[in-house]
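Structure at a glance
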Amino acid sequence: MKVLNINRYMDLENPADPCMMLCKDFISEGHEVTLVTSADTYSGRQRKSPLFSTSSVQEGIRIVLVHSRPFSEQDMGKPFYRSVKSFTRIYKRVIKKYVRQANLIIVYSTAPADIDKLADFKRAGKLKNKKLVYHISDLWPTTAVERYGRHIGEKFLTKMQYFEDVAFNNADFIVSELQYASGYVFSRGYRVEGRFQYIPVGIDETRHLHLNTP
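Residues numbered from 1 in each chain as written. Predicted model: local features only at pLDDT ≥ 70, side-chain atom pairs only at ≥ 80, totals over all residues. Heavy atoms only, no water.

Let us now look at the pairing of strand E7 (residues 173-176). Judged by which residues are buried, E7 turns out to be covered on both faces: Phe173 and Val175 on one side and Ile174 and Ser176 on the other are all buried. Bridge count for strand E6 (residues 131-136) against E7 is 4 bridges, and the pairing is parallel. Bridging from a neighbouring strand, Tyr134 pairs with Ile174 of E7. Summarising the sheet, E7 and strand E8 (residues 196-198) pair through 3 bridges and their orientation is parallel. Across the sheet, Val175 pairs through a bridge with Gln197, a residue of E8. Of the crossover connections in this fold, the one passing from E7 over helix H6 (residues 181-187) to the parallel E8 is right-handed. (Buried < 20%, exposed > 50% of the residue type's maximum accessible area, 1.4 Å probe, protein only. Helix = DSSP H or I, 4+ residues; strand = E, 2+ residues; numbered from the N terminus. Pairing = 2+ DSSP bridges. Right-handed = clockwise from strand over helix to strand, strands pointing away.)

Structure (structure tokens):
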């Protein structure tokens, strides 16, 4: 099976990063894994940012770094918005190639806008025989407001809430380590029965998604 993980703000240098651990679990099961993430400066970690995107293989995982302008957690104003726009612009141009190759697509909620292009593919019938999973680790706008305050912009929060709704509406499965996430999804008016799984330690692809072995 071919797995595509899309997680813009993960920590590639941290072997204990939950997304990286999940990728390694898939590899150990014999699956092929592609990870799409950003190539920016975030939380004090410096990455070499390509002009467009680069692909390399590390520990069996194909890692695709998509260009985004640098910012830090203290730069939640214009530097952050510029970084978001630069990533999204290139991401939309490169993601179709990797979607075409994947059987399972997992999108993380740290950047709900990343699922918008995939929703377009689904509506156009281009995700047939593929599973689209939305992994909730952050809730919009709740988490963003608690972390950064309203100064990051009401318009931006409203837009992210819209993209989160797009994710809830188009995902085949919704998974989360957050115990209250199912209630939040339901409160937004979306079905959770038969679609939501609470998984304290991450995605168990056999038990929860009923996937075939490779």
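In this section: the side chain of Asn170. As for its placement among the helices and strands, Asn170 is situated in helix H5 (residues 154-170). A polar side-chain atom of Asn170 sits 2.8 Å from the main-chain carbonyl oxygen of Val166. Discounting chain neighbours no more than four positions away, the residues touching Asn170 are Ala119, Lys122, Arg123 and Leu132. (Polar contact = N/O pair within 3.5 Å; in protein donor to acceptor, adjacent residues only side chain to side chain. Contact = heavy atoms within 4.5 Å.)

This part covers unusual backbone geometry. In this structure, Glu59 is a non-glycine residue whose phi angle is positive, near 55°. Within the secondary structure layout, Glu59 lies in the loop between strand E3 (53-58) and strand E4 (61-67).

Here we come to the nonpolar core. Most often, soluble globular proteins have nonpolar side chains that are buried together. Core analysis: the largest hydrophobic core is formed by 34 residues, its most contacted members being Leu4, Ile6, Ile95, Ile105 and Leu118. Elements represented by at least two residues in this core include exactly strand E1 (2-6), E4, helix H2 (78-101), strand E5 (104-108), helix H3 (116-123), E6, H5 and H6. Examining the composition of this core, we find that 7 residues originate from one element, H2, more than from any other. The contacts of Ile95, once residues within four sequence positions are left out, are Leu4, Ile6, Val36, Lys117, Leu118 and Phe121. Met10, Phe26, Tyr108 and Ile199 belong to the second largest nonpolar core, which has 21 residues in total. (Core = buried A, V, L, I, M, F, W, Y, C linked by side-chain atoms within 4.5 Å.)

Looking down a regular strand, the side chains alternate between one sheet face and the other. Extensive coverage of E1 is indicated by the burial of 4 of its 5 residues. Judged from the 4 bridges that link them, E1 and E5 form a sheet pairing that is parallel. For Ile6, the partnering residue across the bridge sits in E5 and is Val107.

Inspection of the secondary structure puts Asp11 in the loop between E1 and helix H1 (18-28). Between the C-alpha atoms of Asp11 and Ser38, which are 27 residues apart in sequence, the distance is 9.8 Å.

Here we take up the packing of aromatic side chains. Considering all chains together, one arrives at 5 aromatic pairs under this definition. Between the aromatic rings of Phe168 and Tyr184, the centroid separation amounts to 6.2 Å while the plane-to-plane angle is 75°, which identifies the pairing as edge-to-face. A residue pair is termed long-range when its members are at least 10 positions apart, and Phe168 in helix H5 and Tyr184 in helix H6 qualify at 16 residues. We note that Phe168, like Tyr184, is buried. (Phe/Tyr/Trp six-rings, centres within 6.5 Å; stacked < 30°, edge-to-face > 60°.)

Our next topic: the confidence of the model for the protein chain. Taken as a whole, the protein chain shows an average pLDDT of 80; of its residues, 76% reach a score of 70 or greater. When pLDDT is averaged over each helix and strand of the protein chain, the minimum, 48, is found for helix H7 (residues 205-209) and the maximum, 94, for E1. (pLDDT = per-residue confidence, 0-100.)

Once that is clear, we can look at H5. The terminal C-alpha atoms of H5, which comprises 17 residues, lie 25 Å apart, in line with the 24 Å expected from a rise of 1.5 Å per residue. Every buried residue of H5 is accounted for by Phe156, Leu157, Met160, Gln161, Phe163, Glu164, Asp165, Val166, Ala167, Phe168 and Asn170. (Expected span 1.5 Å × (residues − 1).)

With that settled, the discussion passes to the side chain of Asn7. The residue Asn7 is located in the loop between E1 and H1 in this model. For Asn7, a relative accessible area of 5% corresponds to the buried category.

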